[in-house]
Structures are given as C-alpha cells and as structure tokens.
Amino acid sequence: MKPVPPAKQQALVARLSKACGGAYSPKERRKYFLTGPQWAAAYEGHALFHAPTRKPVGYEDVIREYAKIGIGHWTTHDTDVIPTDALGTARQEEIVSGIRKTLKKHGLECSMVTTETFHHAVFAASPAAEAPEVREYAKWRLTNTVQIGHDLGARFAVYWPGSLGYQVQGAIEETNTLRWYADGLNAACDADIAIARERGRQTMKHCLEAKPFEPAAQILLPSSDAMLAFIYSGLLKHPDMVGLNPEYLHELMWGAAVRAALARALLCGKLFHFDINDGYPLKHDVDIGVGLVNPLDWLNVLVLLRTHGYEGPFNLDYKPPRTTSNWGVFSVSFPTAVDRFITLWEMAGEVAVDPVIAQAYEALKAGGGGDPRDANSLAEANKELLTLHELIAHRLFQILVGAHRGRVFAL
Ligand code: GLT
Ligand code: MN
Ligand code: MN
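Presented here is a report on the structure given in the accompanying data block. As the structure is a computational prediction, the values presented were derived from the model and not from experiment. (Residues numbered from 1 in each chain as written. Chains lettered and ligands numbered in written order. Predicted model: local features only at pLDDT ≥ 70, side-chain atom pairs only at ≥ 80, totals over all residues. Heavy atoms only, no water.)

Let's shift gears to the coordination of the manganese ion (ligand 3). Here the manganese ion (ligand 3) is held by Glu247 (OE), His250 (NE2), Asp285 (OD), Asp285 (OD) and Asp287 (OD), and the distances to it run 2.0 to 2.4 Å. Of note, the donors binding the manganese ion (ligand 3) are all from one chain and are spaced E-x2-H-x34-D-x1-D. Metal-to-metal, the separation of the manganese ion (ligand 3) and the manganese ion (ligand 2) is 4.6 Å; glutamate 247 coordinates the two. A residue pair is termed long-range when its members are at least 10 positions apart, and histidine 250 in helix 10 (residues 248-253) and aspartate 287 in the loop between strand 9 (274-275) and helix 12 (295-307) qualify at 37 residues. Using a relative accessible area of 2% as the deciding quantity, one classes aspartate 287 as buried. (Donors = N, O, S within 2.8 Å, 3.2 Å for Na, K, Ca; no water. Helix = DSSP H or I, 4+ residues; strand = E, 2+ residues; numbered from the N terminus. Buried < 20%, exposed > 50% of the residue type's maximum accessible area, 1.4 Å probe, protein only.)

Printed below as a string of structure tokens:
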C-alpha cells in the first residue's frame with residue numbers, strides 16, 4: 001500500500017470506524033449516568049517524558065462534542081477552566097456563567113467539580129503542608145470549588161489528595177498531615193452546608209479518590225480502604241457527607257481485586273462515584289479507555305454494581321492515547337469508550353438473568369449437606385458441587401464472547 005497522505009487520513013479512520021459498526025445512538029448513550037471530564041478530553045498527550053501531541057481544547061469545544069456523542073454530564077477541576085490567578089475574582093464569575101450558558105445550550109449538566117490541589121507549585125508539600133498559610137489557601141480553594149459546584153448545579157465533589165505523602169522518610173509527621181488534610185475537608189463540608197441552606201439546595205456528596213503511587217513516592221491514603229479508615233477515624237466533622245470515588249485503575253495499580261475493593265465500599269454505603277478506565281497492575285497511572293485491557297474483569301465489576309443497584313456516575317476518567325489526534329478524541333476515542341461501557345453493562349444484565357449461572361449459584365448456596373461438626377464429611381459432601389466455580393467462570397467468558405447467543409468458532 002502507498003503512503004496515506006495526511007489529507008486522506010481522517011476519511012480512512014472514519015471509514016474503518018464505521019466498518020466496526022456497533023455504535024449506540026447519542027440518545028441511547030444519554031440514558032446512562034456517564035460523565036465526561038474536561039481534563040480527559042483536553043489532555044494534550046504530555047507527561048514527564050512526553051511532549052504534547054494535541055492542541056489545547058477549551059470547555060466550549062468539549063461540551064459541544066460531548067453533547068454530539070451523547071455524554072450527558074460534564075466534570076471539571078477548578079483550574080481546568082479558570083486560571084489560578086483568576087480564582088475568586090470577577091473573572092471566575094464570568095467564566096462560570098459562560099460555562100452555565102454553554103451547558104444549557106447543549107443540554108448537558110455539570111455533575112461533579114474537583115479542586116486541583118496537586119499541580120501548582122503552592123502544593124509542592126501537598127494541600128496539608130506544614131505552613132498554616134498554605135493550608136488556609138487550600139481550604140479556600142476547596143470551599144471556592146464547592147461554591148462553583150453549587151453555581152453549576154453539581155451534586156458531587158471529588159478530592160484526589162495528590163502529593164499527600166513524602167519523597168524522603170521522616171520529612172513529615174503522618175498523623176499531623178492527616179489531621180490537617182481532614183481540616184480541609186471539614187472546611188469544604190461546612191461551606192457546602194452553609195451554601196446549600198442559603199440557596200435551598202441539597203448538600204453535595206464529597207468523594208475521596210485514592211491512588212497508590214504518584215505523585216509522591218509514598219502516599220498517606222493509598223487505597224480506597226485506607227480512605228474508608230480515614231472517613232471513620234473521627235477526624236471528619238461530617239463523615240456522613242463523605243464517601244469514595246474509587247478509580248478502577250487506581251485499585252488495580254496496587255494489585256487489588258477491583259471488584260472486592262468496590263464490594264467493601266458498597267458494604268459501607270460509601271460507593272458515591274466511580275472513575276472508569278483500564279490499565280495494568282503495578283504500573284503507573286496509564287488511564288486507558290474502559291474495557292481495552294481487562295474486559296472480563298470489567299464485566300464482573302459491572303455485574304457486582306448492577307446486582308447492588310449502584311446508581312452513581314460513571315466518570316470517563318481516562319486519557320485518550322498520545323497517538324490519537326484532536327479529531328480522533330471526539331470521533332473515535334470517546335464514542336468507542338462509551339459504547340464499550342454500554343455493551344459491558346448490557347452483558348452484565350445478561351449475566352444477571354443467565355439460567356446456567358443462576359442455577360449454579362443456587363446449587364452452591366444449597367450446599368451438599370454433610371455433618372457441620374465433621375470436616376471430612378463436609379469436604380466429601382461438597383466435592384462435586386464446587387466444580388461449579390470453574391464452570392461459572394467459563395460461562396462468563398462465553399457471555400463475553402457471545403457464545404451464549406449461539407456464536408460459534410469452527411465447532
Ligand atoms: C488526576 C487524577 C485523576 C483524578 C482527578 C480528579 S485528578 O488527574 O489522576 O484520577 O480523578 O481530581
Ligand atoms: Mn480518577
Ligand atoms: Mn488514573
């Protein structure tokens with residue numbers, strides 16, 4: 001094949017993407033509580049060893065393109081859209097009102113706001129730094145974001161603590177740092193209560209997001225479980241307002257069974273929000289599109305969430321790869337991520353009503369009898385029944401590849 005000239009490349013990608021088929025309509029996509037981050041679509045492909053490969057994209061473009069795709073909700077950091085120096089000024093109000101108009105024009109809602117407490121040099125020692133003035137500033141940033149959230153009608157606020165940790169041992173005293181971090185959250189919840197009362201709105205759900213590595217060498221709240229312990233530590237003034245925003249990859253990164261991590265959050269009633277993406281265990285935060293690495297695991301995760309009636313947002317917190325163009329971000333990356341999610345969600349529904357799986361679970365729960373005081377008799381009584389575990393896993397694989405609907409491979 002001859003080289004494909006740049007002017008013909010979009011048409012080629014569009015043709016092949018159409019040939020893939022299986023796309024849901026924007027109307028169908030809007031039925032799901034899928035939320036699109038400003039920062040995900042605007043990610044320019046840069047990293048420590050990477051120069052940007054894409055041009056900057058503003059919120060007008062992101063919101064318009066999300067609307068076309070059928071992503072009904074938008075999420076943002078304060079500084080994704082408001083320059084740090086303009087925070088809290090009249091310029092902030094102008095920008096927020098511009099966002100409100102753009103959302104309305106395209107029929108989108110802002111579901112979540114979050115504060116950037118990790119990028120700016122002021123947060124080099126984290127938002128819970130030793131210097132009281134830095135912590136004062138961090139508190140102000142969090143409360144300002146809560147106000148922006150109310151201005152935009154958001155129901156969720158997310159907190160990723162960034163550099164809450166250390167590079168060198170002994171540099172910080174962990175208990176102090178955690179207390180100071182809690183002070184920031186307490187200020188945000190207090191502000192929320194006051195603003196909600198004043199405006200006759202509901203308070204927001206405040207969601208902590210853990211990541212085990214990055215950007216510090218050691219992280220003080222590295223997992224969702226650590227955050228649950230923090231919520232129940234007695235340091236929070238309003239623990240009922242605070243829950244979790246687990247991210248699929250952040251749990252996988254430390255080697256967790258993501259489904260088990262989510263189950264623990266569900267049991268505590270703290271699964272408020274969920275960042276969806278994919279990646280690899282024990283690697284850095286590659287934020288690959290949902291379902292591209294671990295589709296079987298994803299199917300299992302969604303079975304759990306469907307079973308427990310999770311109704312919170314699914315936030316598309318991934319990074320379109322550096323190899324995808326600005327055009328590709330909205331024509332290929334986001335629509336295909338959304339469609340993989342919907343397909344997996346539908347498949348999870350099929351698992352829930354699958355007769356083979358249902359009968360296997362039922363039989364396993366009935367058990368094989370035996371004498372509860374005799375280990376050998378119990379093992380013997382359940383021996384054949386337990387083969388069902390492997391059969392269930394095979395059935396899930398069949399559902400993943402469509403074999404349960406009669407798809408065959410050269411039988
Ligand atoms: C940062 C992090 C994400 C979080 C964002 C929310 S910040 O990009 O890597 O996983 O969800 O603040
Ligand atoms: Mn995330
Ligand atoms: Mn991530």
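Relative placement of two packed helices is described by the angle separating their axes and the distance separating the axes. The geometry of helix 12 relative to helix 16 (residues 388-401) is characterised by a closest axis approach of 10 Å and an angle of 105 degrees between their N-to-C directions. By the angle between their directions, the pair helix 12 and helix 16 is classed as roughly perpendicular. Note on element contacts: helix 16 touches helix 12 through Leu396, Phe397 and Leu400, opposite Pro295, Leu296, Leu299 and Asn300. Partitioning the contact of helix 12 with helix 16 into residue classes produces six nonpolar, one polar and no charged. (Axes fitted to C-alpha atoms, helices over the stretch in contact; angles between N-to-C directions. Parallel < 35°, antiparallel > 145°, perpendicular 65-115°, else oblique. Contact = heavy atoms within 4.5 Å. Nonpolar A, V, L, I, M, F, W, Y, C, P; charged D, E, K, R; others polar.)

Our next topic: the site of ligand 1. In the region of ligand 1, the neighbouring residues are Trp39, His77, Thr114, Phe118, Trp160, Glu209, Lys211, Glu247, His250, Asp275, Asp285 and Asp317. Between an oxygen atom of ligand 1 and a side-chain N or O atom of histidine 77, the distance comes to 2.8 Å. Calculation on ligand 1 without its partners gives an accessible area of 310 Å², and the protein chains cover 93% of this total. Its residues assigned to classes, the shell around ligand 1 comprises three nonpolar, three polar and six charged. (Near = heavy atom within 4 Å. Polar contact = N/O pair within 3.5 Å; in protein donor to acceptor, adjacent residues only side chain to side chain. Areas by Shrake-Rupley, 256 points an atom, 1.4 Å probe, with all protein chains shown as cover.)

Sheets are built from strands that pair by backbone hydrogen bonding, the pairs being arranged parallel or antiparallel. If you trace the eight strands from one edge of the open sheet to the other, you get 8-6-4-3-2-1-10-9, paired in parallel fashion. Looking at strand neighbours, the two that pair on one side only are strand 8 (242-244) and strand 9, the edges of this open sheet. Here strand 6 (residues 205-208) runs beside strand 8; their pairing, made up of three bridges, is parallel. Considered in strand 8, the bridge of leucine 208 is made with leucine 244. Set on the sheet, helix 4 (residues 59-69) makes contact with strand 1 (34-37) and strand 2 (73-77); between it and strand 2 the angle comes to about 155 degrees. (Pairing = 2+ DSSP bridges.)

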